[in-house]
Amino acid sequence: MQGKIVKGIAGFYYVHVVESGVYECKAKGIFRKDGVKPLVGDNVEIEILDEKDMEGNITQILPRKNELIRPAVANIDQALVVFAVTKPKPHFNLLDRFLVMMESREVPVILCFNKTDIAEDPEIAELKDIYEGCGYPLLFTSAKQEQNIEELKTVLQGKTTAIAGPSGVGKSSLINLLQSGVKMETGRISAKIERGRHTTRHSELIVLGEDSYIMDTPGFSSLYISDIDKESLKYCFPEFASCEGHCRFNGCDHVHEPGCAVKQAVEKGKIHNSRYEDYLTLYQELQERKRY
């Protein structure tokens, strides 16, 4: 029987099997022996030990499409990053770090800016100005007024989506609207092992439909970029791609070199200065890290 791990707590893994429900499973010892740990989002094969109590063992982890370190999840089709238009104002460097992390793992991103009901038009215009040129789909929502929620549901259909964002941006309110009353069996899970109340820092998949899942990840206030070097960083800024091959020097890092097409595009307003400044900040961090 095949299913998807929707939650993992203290050695127990909860596997959602379409049309059957959620099974509480342990992982076979062979995974520990091989140094492999099941992750939320893994597609797995299970053997049933007790059909009545819905208990089983994970016998095989199917090949992963991708894997993230923080949060530790697998098989993500896309990421929905949620920031508020205002209250709190977007932290652009934090947002750009998240985009770089997803680009480095080739995970498509949808940008969602919430709280339009309390935002001013210039604030919305600024976000469009910065990010429309990057190629990311943009959604402006109001969880309070349920604005553009149907559009949001459409882009999540048929996908496994990691939803992430800092605290206070209305992420939980959006997730509650997306579920439309579908709470899955998480209540039963919590009641069964009495650990649910302590799991707010764990990633968890929520079933929206037969082939649609959203993953609620813990809010983040900082993001450490790992597994990437400064030479590769430029490829994580998609708006730089149009300048590729037009710089004076091959292998231009778009930092100090003269005749740089990216710097020229920034000067002409084709690439937003905010994005380029964050690129320089991250480049410097990676350079310092390599030095030490």
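Predicted model, so just to flag it, every value in this text is computed and none were measured. (Residues numbered from 1 in each chain as written. Predicted model: local features only at pLDDT ≥ 70, side-chain atom pairs only at ≥ 80, totals over all residues. Heavy atoms only, no water.)

K.L.:
Would you explain the packing of helix α4 (residues 149–156) against helix α5 (residues 171–179) in this entry?
P.N.:
Two quantities define a packed helix pair, namely the angle between the helix axes and the distance between the axes. Axis separation between α4 and α5 bottoms out at 10 Å; the angle between their running directions is 75°. Considered as vectors, α4 and α5 are oriented roughly perpendicular to each other. Every residue of α5 that contacts α4 at Ile 149, Leu 152, Lys 153 and Leu 156 is listed here: Leu 174, Leu 177 and Leu 178. Grouping the constituent residues of the contact of α4 with α5 by class yields six nonpolar, no polar and one charged. (Axes fitted to C-alpha atoms, helices over the stretch in contact; angles between N-to-C directions. Helix = DSSP H or I, 4+ residues; strand = E, 2+ residues; numbered from the N terminus. Parallel < 35°, antiparallel > 145°, perpendicular 65-115°, else oblique. Contact = heavy atoms within 4.5 Å. Nonpolar A, V, L, I, M, F, W, Y, C, P; charged D, E, K, R; others polar.)

K.L.:
Please clarify how the environment of Cys 243 should be interpreted in this entry.
P.N.:
With respect to the secondary-structure elements, Cys 243 resides in the loop between α7 (230–233) and α8 (261–267). For the pair Cys 243 and Ala 265, spaced 22 residues apart in sequence, the C-alpha separation works out to 8.0 Å. With residues up to four places along the chain from it excluded, the contact list for Cys 243 reads Ala 261, Val 262, Ala 265 and Ile 271.

K.L.:
Could you clarify how one ought to interpret the packing of aromatic side chains in this entry?
P.N.:
With the rule as written, the count across this model stands at eight aromatic pairs. Relative to Tyr 279, the ring of Phe 237 lies with its centre 5.3 Å away and its plane at 85°, an arrangement referred to as edge-to-face. Of this pair, Phe 237 sits in the loop between α7 and α8 while Tyr 279 is found in helix α9 (residues 273–291), placing the two residues 42 residues apart along the sequence. Accessibility expressed as a relative area gives 0% for Tyr 279, which makes it buried. Counting every residue linked through ring pairs, the aromatic cluster contains Phe 237, Phe 240, Tyr 276, Tyr 279 and Tyr 283. (Phe/Tyr/Trp six-rings, centres within 6.5 Å; stacked < 30°, edge-to-face > 60°. Buried < 20%, exposed > 50% of the residue type's maximum accessible area, 1.4 Å probe, protein only.)

K.L.:
So what exactly am I meant to see when it comes to the side chain of Arg 275 here?
P.N.:
With respect to the helices and strands, the residue Arg 275 is situated in helix α9. In terms of polar contacts, Arg 275 uses its side chain to reach the side chain of Asp 96, at 2.8 Å. With sequence-adjacent residues up to four places away left out, Arg 275 is seen in contact with Asp 96, Leu 99, Ile 130, Tyr 131, Cys 134, Tyr 136, Phe 237, Pro 238 and Glu 239. (Polar contact = N/O pair within 3.5 Å; in protein donor to acceptor, adjacent residues only side chain to side chain.)

K.L.:
Would you mind going over α4 with me for this structure?
P.N.:
Think of an α-helix as 3.6 residues a turn; residues three or four steps apart then line up on the same face. When we look at burial in α4, the residues that qualify are Ile 149, Leu 152 and Leu 156. Down the axis of α4, the smallest arc covering the buried residues is 55°, so these residues share one side. Exposed residues pointing more than 90 degrees away from the buried face of α4 are listed as Glu 150 and Thr 154. Looking at the buried residues of α4, the elements they touch are β8 (78–84), β10 (138–140), β11 (160–164), α5, β12 (204–209) and β13 (212–216). Note on α4: the residue one or two positions beyond its end, Gly 158, has a positive phi of about 75°. (Arc of directions from axis to C-beta.)

K.L.:
Looking at this structure, how should I read unusual backbone geometry?
P.N.:
With the exception of glycine, most residues fall at negative phi, and the peptide bonds are largely trans. The step from Lys 87 to Pro 88 runs through a cis peptide bond, and the omega angle for that step is 5°. On the secondary structure map, Pro 88 appears in the loop between β8 and α2 (92–104). Within the chain, Ala 10 stands out as a residue other than glycine whose phi angle is a positive 50°. Relative to the helices and strands, Ala 10 resides in the loop between β1 (2–9) and β2 (12–17). We classify Ala 10 as exposed; its relative accessible area is 57%. With a phi close to 60°, Glu 106 is a non-glycine residue in the positive phi region. Assignment of secondary structure puts Glu 106 in the loop between α2 and β9 (109–114). For Glu 106, a relative accessible area of 72% translates into the label exposed.

K.L.:
Would you mind showing me how to read the nonpolar core here?
P.N.:
In summary, soluble globular proteins display a tendency toward joint burial of nonpolar side chains. Formed by 49 residues in total, the largest nonpolar core has its most connected members in Ile 58, Leu 111, Phe 113 and Tyr 131. If we skip the residues at most four places from it in the chain, Phe 113 touches Phe 83, Val 85, Leu 95, Leu 127, Tyr 131, Leu 138, Leu 139, Phe 140 and Thr 141. Residues Val 100, Ile 228, Val 262 and Tyr 276 belong to the second largest nonpolar core, which totals 21 residues. (Core = buried A, V, L, I, M, F, W, Y, C linked by side-chain atoms within 4.5 Å.)

K.L.:
Mind showing me how you'd approach the sheet that holds strand β5 (residues 55–61) here?
P.N.:
The strands making up a sheet are joined through hydrogen bonds of the backbone, oriented either antiparallel or parallel. Strand order in the closed barrel formed by five strands is β1-β2-β3-β5-β4, with mixed pairing between adjacent strands. If you compare each strand with its neighbour and ignore which way they point, the axes differ by 50° on average. Bridge analysis of strand β4 (residues 43–50) against β5 gives six bridges, and the strand direction is antiparallel. Bridge pairing in β5 places Glu 47 opposite Asn 57. (Pairing = 2+ DSSP bridges.)

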